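Residue strings, one per chain:
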Amino acid sequence: MRLITPNAPVIDARGLRLTYPFANRPALDGVDLTVTAGERVLLLGPSGGGKSSLALAIMGAIPHSIPADVTGTLQVFGAPVREPARLAGRVAVVFQDPDAQLCCATVADEIAFALENQCLAPEVIEARIDASLDALALPRCWRARAVASLSGGEKQLVALAAALAQQADLLILDEVTAHLDEPASRQVYAALDRALADRPYLTALFVDHRLDALIDRIDRVVVLTAQGQVLTDGPPRHVFQREADRIQRSGAWLPTATRHALTLSPVPTPLPLTVAEVQAATATVPPVSNPAPSPEEDAAPRDRPTLVPGEVLALIGATGAGKTTLALQLTGWQSGTAAAVAFQSPDHQFLTQTVLEEAGSPERLAALGLSHAAQRHPLALSQGEKRRLSLARVLEADGPAVVVLDEPTFGLDSRWTAEVADWITKARRTDRTIILVSHDLDLVAALADRVAILADRRVIAEGPPAEVLTNGALLARAGLSVPPGLALRHGIAAVTPAPRLQPGEPALEPPGGLHPFAAAVVGLAWVIAATLVMDVERQAWLALLPLPCLILGLRVGARALWRGYAGFILFGLGFFGVNLVFYDTGRSFSPMLGAVPEGVDPGLYIGATLFLRTLAIGGGSFFAVAATTPARLARALIQQARMPPRAAFATLAALQAFPVLERDLATIRLAQAVRRGRRPRRFLIGPSTALLLLAAAIRRASRAALAMEVRGLTHPMQRSERLRVWWRKRDSLVVLIGLGILAAVLAKPGL
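Residues numbered from 1 in each chain as written. Predicted model: local features only at pLDDT ≥ 70, side-chain atom pairs only at ≥ 80, totals over all residues. Heavy atoms only, no water.

### Focus on the sheet that holds strand β8 (residues 203-207)
Right, on to step 1. Read from one edge to the other, the open sheet built from six strands follows the order β6-β7-β8-β3-β9-β10, with strand pairing classed as mixed. The sheet terminates laterally at β6 (91-94) and β10 (230-234), the two strands that pair on one side only. With direction set aside, neighbouring strand axes in the sheet form an average angle of 15°.
Right, on to step 2. Strand contacts of helix α6 (residues 152-165): β6 and β7 (170-174), with the helix running at about 175° to β6, the strand carrying the most contacts. (Pairing = 2+ DSSP bridges. Helix = DSSP H or I, 4+ residues; strand = E, 2+ residues; numbered from the N terminus. Axes fitted to C-alpha atoms, helices over the stretch in contact; angles between N-to-C directions. Contact = heavy atoms within 4.5 Å.)

See below:
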């Protein structure tokens, strides 16, 4: 057991300078920073100021996994920083995108992943799984829940549980609520409070810009400049009260209460940090009542609001409420109405090959501060730069009459958020309709003329911001609360709904089924048999026999069956059509299938045989996949095939990434269809779509690889196994029956 000495240095950086390959300036330039045991430190700064780079260097990812030129010194726990896997026992990391860090099939497997990499005993791992679930108030029935069935907030809670189960001495939280709505963020912070309270010497490093929820959770604030240098460092009250002007000029965020206080005359002294402090200092506006909505208000929720030229309509609600879907429906783009849309991820919507082409003119490029990147591909920009580029094109003066902005300020610092707000105001003055979708309710309050609240994909309320956003009871129905800025202006004691976790019926991972090798033997034998059989009768048996096995034996649903067979059916129909149309009817012999029976059309016979052969190959392939699970396959490859864990889990992560890539492809097609003003293509993938999808796949793969490495996945066989994959009697029986049926089909042409 490690003993943590109070005030012992955990992080010690001296003159740290970090430069990425091909970068024109350092990401970090001479950073001096010391963090001692038990401190809760917030790393703050403008976009591109090096916050995430410093976090990556502390966890060992830079330069060991991500190439960069590093000078100066950086020590973690009194020793030079090492590879991420070697620090995994003492450093735990939670990234902002949970989809990029979860690599296992079930919640229990996800929490156990880092513990197995530390070679802990199975009984210790099981105890820690239960303890981490209990610490975050997650039900133990979640152990068997499929990770793919979780919402974004639930995934982030599982990622936090996995980090806490490591019992590390340093916890790095890199914008863990960036992709979450307000209810999910409250769940994460409430869970984190319980975890930190139990371990007073746990050191926590927050990289974040959503400050209101963090003010009471941190001991220090370290502010970086846009040039990657330390602007100021100290306790939150000291930093935000004495350095507020410098921080604001740098582009970094201030707490909402502090920003509001700077607009007052006279400015309160000392500057407040929370809403309660501002209201105590001013106490000039009487509280506004928060009446509950009457039964008449929620008796008939509507499907959609109306659009008014020259107006900003804001759509708000929790994640999954249907805001983006409704916004696209309101534009009418599918019926030919021109509309411009800035999607939440700018990576999904670029059509050109250079930043200059995407911007449209050198003047607009200069206004965006991107002249230095004119000839670079848009995907080569930083996330903040991509956001600015996508918004500028959508809000150009001669654009369509209807504009949709989906989370337009996500990832932007305070300076560029103010700039984007100015762009929106100017666009509204040209009688264009702006549909604003945002979780930032203070931005909504500042810009919107009308607000519509969505819950369960229906509009439950609509009206001016001053009425809708000050009704705490109404907002609570949608899982929201009064935004801090508006609460300050109206003197409202904002009541935040208590965090709630509603697990419902857990969606479980499918049963393990067969041993992966047994499924592979039967499936491969079926494929080989399908390639050897020459006549149509036996091909029909081979094509049809897998269906009862899949439906009755493995309980594969109709949808999964169609998804597995669809590609093979299309290929088979192609073979059938080509032979039916083009085969020479005068020939009665095929080099692939042998003699054609007399009196039968050769094209029809050969086409039907090839169609059935394709289905038989598909059935064998699908059986090999459906008869087991990816998690069992990864464990079998490690335990029986002696495959290095890194390769096995890379295979598992790739298999589980397909649904995510499907969602990416659908979003890219939709974004490009909107920009081109036509319906999305269902089957064809153009060059620009393929490039964006490839970039998304590479980005997710690199993040997943880093997430696995920082949790200790490194050496070939250096891990313990919580679960064993055994070869059972049922596996032997299935193999014997499967091979016996195939032998009978091959031996008796007359079947």
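After that view, the rundown keeps rolling.
### Points about the state of the cysteines
Right, on to step 1. Evaluation of the coordinates by the stated rule reveals zero disulfides.
Right, on to step 2. Unpaired in terms of disulfides, Cys 104 finds its nearest cysteine sulfur in Cys 103, a separation of 4.0 Å. (Disulfide = S-S within 2.5 Å.)

### Section: the nonpolar core
Right, on to step 1. Counting residues in hydrophobic clusters, the biggest one holds 60 residues, and the most contacted among them are Leu 160, Leu 171, Phe 206 and Phe 240.
Right, on to step 2. Ranked by residues supplied to this core, first place goes to α6 with nine residues.
Right, on to step 3. Dropping the residues within four chain positions of it, Phe 240 is found in contact with Leu 44, Leu 211, Ile 215, Val 221, Ile 247, Trp 253, Leu 254, Pro 255, Thr 258, Leu 271 and Leu 273.
Right, on to step 4. Ala 373, Leu 381, Leu 412 and Leu 447 belong to the second-largest nonpolar core, a separate cluster that totals 56 residues. (Core = buried A, V, L, I, M, F, W, Y, C linked by side-chain atoms within 4.5 Å. Buried < 20%, exposed > 50% of the residue type's maximum accessible area, 1.4 Å probe, protein only.)

### Here we look at the packing of aromatic side chains
Right, on to step 1. A full pass over the atoms with the stated rule returns two aromatic pairs.
Right, on to step 2. Consider the rings of Phe 113 and Phe 649, whose centres lie 5.0 Å apart with planes at 75°: the pair is edge-to-face. Of this pair, Phe 113 sits in helix α4 (residues 107-117) while Phe 649 is found in helix α27 (residues 645-676), placing the two residues 536 residues apart along the sequence.
Right, on to step 3. On the basis of relative accessibility, which here comes to 0%, the residue Phe 113 falls in the buried class.
Right, on to step 4. In this structure, Arg 90 is placed above the aromatic ring of Phe 77, and the distance from its NZ or CZ to the ring centre is 3.9 Å. (Phe/Tyr/Trp six-rings, centres within 6.5 Å; stacked < 30°, edge-to-face > 60°. Lys NZ or Arg CZ within 6 Å of the ring centre and 35° of its normal.)

### Concerning the pattern of salt bridges
Right, on to step 1. What the rule picks out here adds up to 31 salt bridges.
Right, on to step 2. Arg 237 is the salt-bridge partner of Glu 277, the closest N and O atoms lying 3.0 Å from each other. Note that Glu 277 is positioned in helix α11 (residues 275-282) and Arg 237 in helix α8 (residues 236-242), a separation of 40 residues in sequence.
Right, on to step 3. For Glu 277, a relative accessible area of 26% puts it in the partly exposed group.
Right, on to step 4. Overall, the relative accessible area of 38% leaves Arg 237 in the partly exposed class. (Salt bridge = Lys/Arg side-chain N within 4 Å of Asp/Glu carboxyl O.)

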